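Spelled out, the chains give:
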Amino acid sequence: MSGHGDPIPMTSRKAGPLTGEARVPGDKSISHRALILGALAVGETRITGLLEGEDVLGTAAAMRAFGADVARLGEGEWRVHGVGVGGFAEPEDVIDCGNAGTGVRLIMGAMATSPITATFTGDASLRARPMARITDPLALFGAQAVGRAGGRLPMTIVGAAEPVPVRYVTPVPSAQVKSAVLLAGLNAPGQTVVIEKEATRDHTERMLAGFGAEIGVEETAEGRVITLTGQPELMPLSIAVPRDPSSAAFPVCAALIVEGSDVLVPNIGLNPTRAGLFETLREMGADLTYENPREEGGEPVADLRARYSPNMKGIRVPPERAASMIDEYPVLSVVAAFAEGKTEMVGVKELRVKESDRIDAMARGLEANGVTVEEGPDFMVVQGMGPGGVPGGGTAAARLDHRIAMSFMVLGMAAQKAVSVDDGSPIATSFPGFEPLMAGLGARIERANR
Ligand SMILES: O=C(O)C1=C[C@@H](OP(=O)(O)O)[C@@H](O)[C@H](O)C1
Ligand SMILES: C=C(OP(=O)(O)O)C(=O)O
């Protein structure tokens, strides 16, 4: 998994209106967690709607390597027979998490308080990403980590044989850090406490409660205080994974900028810790509505309806909203190019340590397509050119980053000239079926035709 095949250049051209229903795949964050917690429960967990993208398939393979019985029963339908908290076996080989930051970081947390050793690697993108943010708190439990310079993969974690519980204030707003600490805390005696100053996605907390762990969340002056009682017996669960709002962002944003469009994106998870993009788009003047709001499997969901919105205005996106839309800034910067005026994205330095440096990747790619972007260490400002105003005609480097590749394909759907990316292959990490889904709405994406 850590090698990528040949690059797949892709080109997206202006098409007619986008119409119809976009059934996007299952939520990536929830899918990783369902497999990992299923592997730590006693008995059989059933999952439907699992995202069968490369990132999540990597986590499924890893759970097998740690001793769980993981089987695919049908499309999106999986069974995990768990080994119980503390029951992980030592993997016989290196764990390759491919492109998945969430996969590797959560799994490191989950194994760090067991008396086993595991070595982790990934693709060139993952090997460049910081892991000290995970291994620092894991060291407090008693785990040891040896990796490459700067805390990079490949990295070996020697799990703590006699873990102690931890109280940890997360130094960066990161659900991956929070989740790694909570998963490690599962096999430590006593109470593990994680404090986050800014709320990040809370799927781990919700799912731990669902599996029967004793977990409490308190909002205090210090921040969100999460307290987990260690060494529970997790009960297996039936999990229906909602569709991914981060994937829904692509057809939604495309519909807003392509003239005459009207797209329905059904059954999207609208957990408030994930829905910041949609709030931002509505503030910009997007015609975006939530239909049929309901609750499914402990998560709020609704059907999203997005219609062409020629009157969008640039806004300053509040920094406190960043965590709830962190993966959506690339595609927001595309929509911003079609709005009137500036869109300011501030407090977003975490974008620099994702699958790529997403501020740099978007700024360079937008510039190549005639859009003016200002950037700094933790901000990006896109100068809107209004509907129909984006020249296009450029090629963007995807940098092994699925969200960069998909964002530029969306740009090409409304720009004056076609937009290309050098490699669309990373799209399969989170959104298998992106091209046929977009084509079904009326988009024109072609492979290797620059
Ligand atoms: O916990 C998760 O599932 C995720 C957390 C976020 O990363 P950080 O924790 O690094 O902010 C996000 O960017 C990633 O796509 C998924
Ligand atoms: C940042 C992302 O994922 P990960 O950190 O899991 O690689 C993402 O999907 O945008």
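Procedures and definitions
Residues numbered from 1 in each chain as written. Chains lettered and ligands numbered in written order. Predicted model: local features only at pLDDT ≥ 70, side-chain atom pairs only at ≥ 80, totals over all residues. Heavy atoms only, no water. Near = heavy atom within 4 Å. Polar contact = N/O pair within 3.5 Å; in protein donor to acceptor, adjacent residues only side chain to side chain. Areas by Shrake-Rupley, 256 points an atom, 1.4 Å probe, with all protein chains shown as cover. Helix = DSSP H or I, 4+ residues; strand = E, 2+ residues; numbered from the N terminus. Nonpolar A, V, L, I, M, F, W, Y, C, P; charged D, E, K, R; others polar. Domains from an automatic or database assignment. Pairing = 2+ DSSP bridges. Axes fitted to C-alpha atoms, helices over the stretch in contact; angles between N-to-C directions. Contact = heavy atoms within 4.5 Å. UniProt positions renumbered as here; feature names shortened; annotations may be inferred. Parallel < 35°, antiparallel > 145°, perpendicular 65-115°, else oblique.

1. Comments concerning the site of ligand 2
- Within the structure, ligand 2 sits among 13 residues, and Lys28, Thr102, Arg129, Glu355 and Arg403 are positioned closest to it.
- One of the backbone nitrogen or oxygen atoms of Asn99 is found 3.4 Å away from an oxygen atom of ligand 2.
- Thr102 places a polar side-chain atom, nitrogen or oxygen, 2.5 Å from an oxygen atom of ligand 2.
- Protein chains bury 99% of the 300 Å² of accessible surface belonging to ligand 2 in isolation.
- When residues of the shell around ligand 2 are traced back to their parent elements, those giving at least two are helix H3 (101–111) and helix H12 (402–414).
- Residue composition of the shell around ligand 2, grouped by class: one nonpolar, five polar and seven charged.
- Domain assignment of the residues forming the shell around ligand 2 places at least three in each of domain 1 (10–26 + 242–447) and domain 2 (28–230).

2. Points about the site of ligand 1
- Near ligand 1 you find Lys28, Ser29, Arg33, Thr102, Pro173, Ser174, Ala175, Gln176, Arg201, Ile326, Asp327 and Lys354, and these make up its full shell.
- At 2.7 Å, a side-chain N or O of Ser29 approaches an oxygen atom of ligand 1.
- Within the backbone of Ala175, a nitrogen or oxygen atom sits 3.0 Å from an oxygen atom of ligand 1.
- For ligand 1, whose unbound accessible area comes to 380 Å², protein coverage reaches 95%.
- Of all elements in the fold, only helix H1 (28–40) and helix H6 (175–185) reach the threshold of two or more residues within the shell around ligand 1.

3. A few points about the sheet that holds strand E3 (residues 42–48)
- Here we have four strands laid out as an open sheet, ordered E4-E5-E3-E14, and mixed in their pairing. The open sheet terminates on both sides in strands that have one partner only, identified here as strand E4 (69–74) and strand E14 (238–240). The mean inter-strand angle of the sheet, taken between neighbouring strand axes irrespective of direction, is 20°.
- Relative to strand E5 (residues 77–83), E4 runs antiparallel, the two being bridged by five bridges. The partner of Asp69 across the bridge, within E5, is His81.
- Sitting on the sheet, H1 is in contact with E3, E4, E5 and E14, with an inclination near 35° to E5.
- Against the sheet, helix H2 (residues 54–65) makes contact with E4 and E5, and its axis sits at roughly 135° relative to E4, the strand it touches most.

4. Comments concerning the UniProt feature "domain: Enolpyruvate transferase" (unreviewed entry) in the protein chain
- Feature annotation in UniProt assigns "domain: Enolpyruvate transferase" (unreviewed entry) to the following positions: residues 14–436.
- Taken end to end, residues 14–436 has its terminal C-alpha atoms 16 Å apart, with 30% of it in helix and 27% in strand.

5. Considerations on the environment of Val193
- Among the structural elements, Val193 can be located in strand E11 (residues 191–196).
- Apart from the residues lying within four places of it in its own chain, the contact partners of Val193 are Val166, Arg167, Tyr168, Val225, Ile226 and Thr227.

6. Description of the packing of helix H9 (residues 276–284) against helix H10 (residues 329–337)
- At a minimum axis distance of 11 Å, the contact between H9 and H10 shows a crossing angle of 10°. When the interaxial angle is binned, H9 and H10 end up roughly parallel. Between H9, through Leu277, Thr280, Leu281 and Met284, and H10, the contact on the second element is made entirely by Leu332, Val335 and Ala336.
- For the contact of H9 with H10, the residue count by class is six nonpolar, one polar and no charged.

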